[in-house]
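Here are the chains, one letter per residue:
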Amino acid sequence: MTAEGFLARWPTAAQKAELLYGVLVFVGDFDERDLETARRTYPGRRPVLNADGGLEVHPAGVGDPAPLVSRTAGASEPEGGFTP
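To start, this report covers the structure provided alongside it. (Residues numbered from 1 in each chain as written. Predicted model: local features only at pLDDT ≥ 70, side-chain atom pairs only at ≥ 80, totals over all residues. Heavy atoms only, no water.)

Quick look at the overall build of the protein now. Secondary structure assignment for the protein yields two helices and six strands. For the protein, the N- to C-terminal ordering of α and β elements is α-β-β-α-β-β-β-β. Among the 84 residues that make up the protein, the fraction classed as buried is 26%. For the protein, the proportion of contacts with a sequence separation of at least 24, taken over those separated by at least 6, is 29%. Surface accessibility of the protein: about 5800 Å² in total, with carbon and sulfur atoms responsible for 53%. (Helix = DSSP H or I, 4+ residues; strand = E, 2+ residues; numbered from the N terminus. Buried < 20%, exposed > 50% of the residue type's maximum accessible area, 1.4 Å probe, protein only. Contact = heavy atoms within 4.5 Å. Areas by Shrake-Rupley, 256 points an atom, 1.4 Å probe, with all protein chains shown as cover.)

Secondary-structure assignment places serine 70 in strand 5 (residues 69-70). The spatial distance from the C-alpha of serine 70 to the C-alpha of leucine 49 is 10.0 Å, given a sequence separation of 21 residues.

We now examine the pattern of salt bridges. Summed over all chains, the structure comprises three salt bridges. In this structure, glutamate 18 engages lysine 16 in a salt bridge whose closest nitrogen and oxygen atoms are separated by 3.0 Å. Ionic pairing is found between glutamate 36 and arginine 39, a salt bridge with its closest N-O pair at 2.3 Å. Placement of the pair is glutamate 36 and arginine 39 together in helix 2 (residues 32-41), with a separation of three residues, close to one helical turn. By relative accessible area, which is 37% here, glutamate 36 ends up partly exposed. You can call arginine 39 partly exposed: its relative accessible area is 39%. (Salt bridge = Lys/Arg side-chain N within 4 Å of Asp/Glu carboxyl O.)

Laid out in structure tokens, this is it:
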């Protein structure tokens, strides 16, 4: 496998994936390239990089979502708490 082939696969950096509060959370070492790939992979969703280098894919909505994992608080609940 070539370096280009390896980098073309996604999510190669994912160590694990979880669903938290309706948000897909990929744990790993992601960057802006992965963010662009997530935008194409999940149309209508709102992907964002978090403070731990992970990738979060939030449900559809307006504006940029706040990452569940922030620099100051660590893992936290979405603003307003959890409502099923």
